[in-house]
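So the chains spell out like this:
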Number of protein chains: 2
Amino acid sequence: MKKVVVIGGGTGNFVVLRGLKKYPIDLSAVVSMADDGGSTGVLRDELGVLPPGDVRQCMVALSDSSRSMRDLMNYRFENGGLEGHNFGNILLSALEKVTGSFDRALEEAHKILSIKGKVIPVTTNKVRLKMVLNNNKLLDGESEIDGSQELDQGFKSMYLEPFPKAHHKAIDQIMTADLIVFSPADIYTSLIPNLLVDGICKALRDSEAKKVLVVNLMNKNGQTTNFKVSDYLIQIKRFIGEDIFNYILINNVKPSKELLDIYAQEGTMVENDLHEDSRTITANLISDEIIEQNKSDIIKRNLIRHDSEKIAEELMKIVDHI
Amino acid sequence: MKKVVVIGGGTGNFVVLRGLKKYPIDLSAVVSMADDGGSTGVLRDELGVLPPGDVRQCMVALSDSSRSMRDLMNYRFENGGLEGHNFGNILLSALEKVTGSFDRALEEAHKILSIKGKVIPVTTNKVRLKMVLNNNKLLDGESEIDGSQELDQGFKSMYLEPFPKAHHKAIDQIMTADLIVFSPADIYTSLIPNLLVDGICKALRDSEAKKVLVVNLMNKNGQTTNFKVSDYLIQIKRFIGEDIFNYILINNVKPSKELLDIYAQEGTMVENDLHEDSRTITANLISDEIIEQNKSDIIKRNLIRHDSEKIAEELMKIVDHI
């Protein structure tokens, strides 16, 4: 069975994993642990636990349990002391407290949720994401970076504090994979935080796996304003030290003008400027699903978004080829 | 397979169910739904859910899942917005929100926890327990009654507001049981609230099941001050309208003087004044287990307490006999 490792943050990983889950492959997710906003941030601060949010999303994507169990994991309390917390975040935090370690908490959660595959935190060190902008301003924490409108001015450095060691299972998975998939994700707050963990970039360079980047659909104004595909490659290369990708998966369908107009304030579409690059694979990757506003917050966030099944089909063509 | 129904509140039911779980019987628990204190009270107030606490304790008693799953259900958060909540209470409340009904929440929880048997809320109406004392003072809510030191002055009435309908499954279980066990419990706040639900007393009178009362070990000063066994029977008869018990199970071993001295401020031992009554069964029912102060709060509450296995052995003698 071919071994596929998906790297990124919660939402991007969720979309890729949900699609790949249906195929007969050995699937694992390596997940960023730098989140410090929302429910996750509160649980980190108040309980001293590791950030559960991104891990929860990947677990839901890979869960073979009932629909109601998955709804339960994403359920967000609306009142009182529990307000804003996802049930799944509370579950992971309680498991960490009861078992005494995030690793054992994940093992238990894998059983409770009948996980198909493995969800692996990139590190189990407690870290905080930092970014020093070109104007020397320090952005402190993932949620501060996520909310900034100044990132497109450029930055001098990004780092995790304290400098964390990679989870040995993350290294193992990367070194033994047949295919490594970089999920579409907020590049600075979901993707790069994985690359800032000691050992990950070396493993990515050394691994004999094929590597594929699933390129974002949309830019984010103030962060990746007017980025083209090559700009994403440059940012990632800045951390890994070389361009590791064998394949670059790019959407080639334009959403309706109505949707693009709605989206205009948030950002433009990512333009493909790599038509000459033989590594590119272009396909229709956009979801046609109409959004119900009451659906889980994972889906609600993006009106223009990737289709799990379409991405998985393209990725499986690569898997079948290697 | 003989059908045994256990009636009471959480802690008493927990002890009886944990013991009976090991035997090949068809076991169910009918659980009071009047709790409004602690974590349960906060969840009721803030989320508008039904009280999960007593149901949770019974579920843990009947769960066939791993030790860590049971520890998880009883885990109590110690900080922040989640402080004071048991994880199991949060689970049941989230399930009620996600599924839209307490009944469906319980079905899901039965699956998640691999419950052996059934846990049935005596009602799924939202109720509040009230008590009018002889001095006309109204005690409003289970936790106010639980904290009162004036109950031994006598009371004029107890009722649930609004007057609730019994869960049809509770009636079914009572009517088809071979044995109905009244758990040892705080009589006013855990046992009698079951009897205040429309239909329960009639079912208890009409059911052809044998009925056994497991008498409390200790009185509670200010509530059941210096009660003897006959006093408990009188209080229960006041609600059911007749003395329904075929068996009365009474502990006959005195704890050490040290333990009784520690307990003196809380209450005295319940004296057996029914030596002439052929329905009484006396046996050593006291737990010898040394209490670890850090164990789950269920056990910590009572230093002198029933032994699950000893109670179950005596109850199974009755089951084998009928």
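So, how was this worked out
Residues numbered from 1 in each chain as written. Chains lettered and ligands numbered in written order. Predicted model: local features only at pLDDT ≥ 70, side-chain atom pairs only at ≥ 80, totals over all residues. Heavy atoms only, no water. Contact = heavy atoms within 4.5 Å. Buried area = accessible area lost by both parts, 1.4 Å probe. Salt bridge = Lys/Arg side-chain N within 4 Å of Asp/Glu carboxyl O. Polar contact = N/O pair within 3.5 Å; in protein donor to acceptor, adjacent residues only side chain to side chain. 1 Å grid on protein atoms, 1.4 Å probe; cavity = no way out; pocket = protein on both sides within 12 Å on 5 of 7 lines; lining within 4 Å. Points joined across faces, edges and corners; volume = space filled by probe spheres on them. Helix = DSSP H or I, 4+ residues; strand = E, 2+ residues; numbered from the N terminus. Nonpolar A, V, L, I, M, F, W, Y, C, P; charged D, E, K, R; others polar. Buried < 20%, exposed > 50% of the residue type's maximum accessible area, 1.4 Å probe, protein only. Core = buried A, V, L, I, M, F, W, Y, C linked by side-chain atoms within 4.5 Å. Pairing = 2+ DSSP bridges. Axes fitted to C-alpha atoms, helices over the stretch in contact; angles between N-to-C directions. Disulfide = S-S within 2.5 Å. Parallel < 35°, antiparallel > 145°, perpendicular 65-115°, else oblique. Left-handed = near helix turned anticlockwise from the far one by under 90°. Least-squares fit on C-alpha atoms with pLDDT ≥ 70 in both.

A.B. asks: Give me the lowdown on the interface of chain A and chain B, citing residues and values where you can.
C.D. replies: Accessible area lost on assembly of the parts is the figure often given for the size of an interface. Facing the 24 residues of chain A at the interface are 24 residues of chain B. Taken together, the two surfaces of chain A and chain B that pack against each other cover about 2100 Å², and 78% of this comes from carbon and sulfur. Joining chain A to chain B, the criterion identifies 0 salt bridges. At the boundary of chain A with chain B, the tally comes to 4 residue pairs in polar contact (both at pLDDT 80 or more).

A.B. asks: Requested: an account of empty space enclosed by the protein, with residues and values cited.
C.D. replies: Residues and elements named next belong to chain A. Within this structure, the stated rule accounts for 5 cavities of 30 Å³ or more. One number sums up the size of the largest cavity: a volume of about 70 Å³. As for the largest cavity, its lining consists of Ser 183, Pro 184, Ala 185, Ile 187, Leu 191, Leu 213, Val 214, Val 215, Asn 216, Tyr 232 and Ile 236. At the level of secondary structure, the elements contributing two or more residues to the lining of the largest cavity comprise helix H9 (187-195), strand E8 (210-214) and helix H11 (229-240). The residue inventory of the lining of the largest cavity, partitioned by class, reads 9 nonpolar, 2 polar and no charged.

A.B. asks: Residue-level account of helix H2 (residues 38-47) of chain B, with values.
C.D. replies: Residues and elements named next belong to chain B. Along H2, the residues classified as buried are Ser 39, Thr 40, Gly 41, Leu 43, Arg 44 and Leu 47. Taken together, the buried residues of H2 touch helix H3 (53-62) and helix H5 (87-99). Gly 48 lies just past H2 and shows a positive phi near 70 degrees.

A.B. asks: Describe the pattern of salt bridges, with residues and values.
C.D. replies: Residue and element names in this part refer to chain A. This model, assessed by the stated rule, comprises 36 salt bridges over all chains. Residue Glu 309 is joined to Lys 22 by a salt bridge in which the shortest nitrogen-to-oxygen separation is 3.2 Å. Here Lys 22 lies in the loop between helix H1 (10-20) and strand E2 (26-31) and Glu 309 lies in helix H14 (residues 308-321), a separation of 287 residues in the sequence. We classify Glu 309 as partly exposed; its relative accessible area is 46%. Look at Lys 22 and you get exposed, because its relative accessible area is 55%. Of the charged contacts in the structure, one is a salt bridge between Asp 261 and Lys 257, with a shortest N-O distance of 2.7 Å. In this pair, Asp 261 and Lys 257 both sit in helix H12 (residues 257-263), 4 residues apart, roughly one turn of the helix. Look at the salt bridges and you will find they share partners, linking Asp 36, Arg 128, Lys 130, Asp 140 and Glu 161 into a network.

A.B. asks: Give me the lowdown on the nonpolar core, citing residues and values where you can.
C.D. replies: One finds A:Phe182 and B:Phe182 to be the most contacted residues of the largest nonpolar core, which totals 210 residues. Not counting chain neighbours up to four residues away, the residues in contact with B:Phe182 comprise B:Ile7, B:Leu191, B:Leu195, B:Leu204, B:Val212, B:Leu213, B:Val214, B:Ile236, B:Ile240, B:Ile244 and B:Phe245.

A.B. asks: Break down the sheet that holds strand E4 (residues 128-133) of chain A for me, citing the residues and quoting the values.
C.D. replies: All names here are of chain A. Strand order in the open sheet formed by 3 strands is E5-E4-E6, and the pairing between neighbours is antiparallel. Lying at the two open borders of the sheet, with one neighbouring strand each, are strand E5 (138-140) and strand E6 (155-161). Taken over all neighbouring pairs, the strand axes of this sheet differ in orientation by 15 degrees on average, direction set aside. Two elements, E4 and E5, share 3 bridges in a ladder whose sense is antiparallel. Across the sheet, Val 132 pairs through a bridge with Leu 138, a residue of E5.

A.B. asks: Before we move on, could you go through the state of the cysteines and cite the residues and values that matter?
C.D. replies: Covalent bonding between the sulfur atoms of two cysteines defines a disulfide. One pass over the structure, following the stated rule, counts 0 disulfides over all chains. Looking at the unpaired A:Cys201, the closest cysteine sulfur is the one in A:Cys58, lying at 19 Å.

A.B. asks: Which residues make up the packing of helix H5 (residues 87-99) of chain A against helix H4 (residues 67-74) of chain B, and what are the values?
C.D. replies: Put simply, H5(A) and H4(B) touch, their axes get as near as 10 Å, and they point 115 degrees apart. With respect to H4(B), the axis of H5(A) lies roughly perpendicular. The hand of the H5(A)/H4(B) crossing is right-handed. In contact with A:Leu91, A:Ala94, A:Leu95 and A:Val98 of H5(A), H4(B) contributes B:Ser68, B:Asp71 and B:Leu72. Split by residue class, the contact of H5(A) with H4(B) holds 5 nonpolar, 1 polar and 1 charged.

A.B. asks: Help me get a handle on the relation of the copies chain A and chain B, residues and values and all.
C.D. replies: Expressed as a screw operation, the relation of chain A to chain B combines 0.0 Å of axial shift with a rotation of 180 degrees, fitting to an RMSD of 0.0 Å. Both chain copies can therefore be described as sitting about a two-fold axis. Taking C-alpha positions as reference, the residue of chain A nearest the rotation axis is A:Gly81, located at 2.2 Å. When the interface residues of chain A are mapped onto chain B, 100% of them are again interface residues, pointing to one common binding face.

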